[in-house]
Amino acid sequence: MLLEHNPYSFLTGDDPFLPIFPVEVTSEGTAEEILFEPRHEGFVGIPHGGIAMGLCLDAWRRVGAPLYPVSVRFRFGGSGITIGDRALFTVEEDRESSEPCVLAKITKPGDKTPYLRAEIRSAPDASREIPSENPLGPDLRKLPYYRNCFVCGHHRIEPGLQRRFAVDQSNGVHVVSTGWGDVSDDGDRSKFFLFGKKELHPAVLISIFDENTAWAGFMLTRSAGLSVRVEFTLMRPVASNERLLFVSQPTGIRGNPKAPRFFLAAGTIYSMADPGRPEPVAYGKGEWVIMDQYTAQIKENLLPSSDWEWIFGKDG
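Residues numbered from 1 in each chain as written. Predicted model: local features only at pLDDT ≥ 70, side-chain atom pairs only at ≥ 80, totals over all residues. Heavy atoms only, no water.

Colleague: Please explain unusual backbone geometry as it appears in this structure.
Modeller: When glycine is set aside, most residues are seen to have a negative phi, and most peptide bonds are trans. Between Tyr68 and Pro69 the backbone carries a cis peptide bond, its omega angle lying at -5 degrees. Note the cis peptide between Leu303 and Pro304, where omega equals -10 degrees. In this structure, Pro304 sits in the loop between α4 (292-301) and α5 (309-312). In this structure, Gln162 takes a positive phi of about 50 degrees despite not being glycine. Gln162 gets classed as partly exposed once you look at its relative accessible area, which sits at 34%. Of note, Arg222 is a non-glycine position whose phi angle comes to about 60 degrees, a positive value. Among the secondary structure elements, Arg222 is positioned in the loop between α3 (202-221) and β12 (225-234). On the basis of relative accessibility, which here comes to 28%, the residue Arg222 falls in the partly exposed class. (Helix = DSSP H or I, 4+ residues; strand = E, 2+ residues; numbered from the N terminus. Buried < 20%, exposed > 50% of the residue type's maximum accessible area, 1.4 Å probe, protein only.)

Colleague: Before we go on, may I ask you to explain the packing of aromatic side chains in this structure?
Modeller: Given two aromatic rings, one states the distance between the centres and the angle between the planes to describe the pair. This structure, assessed with the given rule, holds 14 aromatic pairs. Where Phe10 meets Phe17, the ring centres are 5.4 Å apart and the plane angle is 50 degrees; that geometry is what we call tilted. According to the relative accessible area criterion, Phe10 is buried, its value standing at 7%. On the basis of an interplanar angle of 25 degrees and a centroid distance of 4.7 Å, the ring pair of Phe43 and Tyr294 is categorised as stacked. Of the two residues, Phe43 is situated in the loop between β2 (29-35) and α1 (49-63) and Tyr294 in helix α4; the sequence distance between them amounts to 251 residues. A network of ring pairs unites the aromatic residues Phe10, Phe17, Phe150, Phe192 and Phe193 as a single cluster. Positioned above the aromatic ring of Trp60, the side-chain terminus of Arg61 is 5.7 Å from the ring centre. Sitting over the face of the ring of Phe262, Arg261 holds its NZ or CZ atom 5.7 Å from the ring centroid. (Phe/Tyr/Trp six-rings, centres within 6.5 Å; stacked < 30°, edge-to-face > 60°. Lys NZ or Arg CZ within 6 Å of the ring centre and 35° of its normal.)

Colleague: How should the pattern of salt bridges be read in this particular structure?
Modeller: Going through the model one piece at a time under the given rule, you end up with 16 salt bridges. Lys191 is paired through a salt bridge with Asp188; the nearest N and O atoms lie 3.7 Å apart. Owing to a relative accessible area of 47%, Asp188 belongs among the partly exposed residues under this scheme. Where Glu242 meets Arg236, a salt bridge forms, and the shortest distance between an N and an O atom there is 2.9 Å. According to the relative accessible area criterion, Arg236 is partly exposed, its value standing at 21%. Look at the salt bridges and you will find they share partners, linking Glu99, Arg117, Glu119 and Arg121 into a network. (Salt bridge = Lys/Arg side-chain N within 4 Å of Asp/Glu carboxyl O.)

Here it is in structure tokens:
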């Protein structure tokens, strides 16, 4: 399966954001070594899951099939990856599938289970599953952010998406949202994150979606988690100058209600070209495993430094 080189891709193009070292190319697939660096960080010390998922989407677009709309199933596993680790990225056709399907994997050396497995296939009936219209209300409160996170980091040396999320509780449900293209700086920022001359890279969509939706589940449990499964449907390419709105809400938990093991959430990405008629361009859902070490980490690292108190309570 041949991956065409795309010089415009911020992730794998002529000036790749993610260092890639070719290993093997055959008629059946491609194998490359990748290196995770501090500029790829999400939680402190580990890469943002959106970078890894975005790499899989990048490969699908470079293969050239299947065409939009597509449905993607991501599954995380293995022993985990930290900043500074190298991993093997493979792309091939899923020969066990009855329909065309790109299968991408990121595997840490020594692990039998991939860190990330992605199945990308056509979604011809995707429009039938588009969620109901935007549930966002007027009562928004800004959420804190990290220093170096690829998505929400506001003090990075390297270019980042620099999102600030907000939660609305006016309807009794923790609806989390953020925009893209709604401030003047985003026009300049988008130039760092392209797939084509005028196309926003799908890694931007999945990265912001992942964090926005994780925040929704976090607000339900007040506990941080890592992505375990994500299902994501993309309806069409998104232009670099499109104004977008990401909206997510929690959908439940798994495990003991007093000490849940997982939280679940779902979200939609809207094009706001016509604010009176938001157009869904992507949607999905996911599951996150709750990990106490990252709940503790955000209390120590969120900015402004005291902004976690209203979330957890003054006693933490």
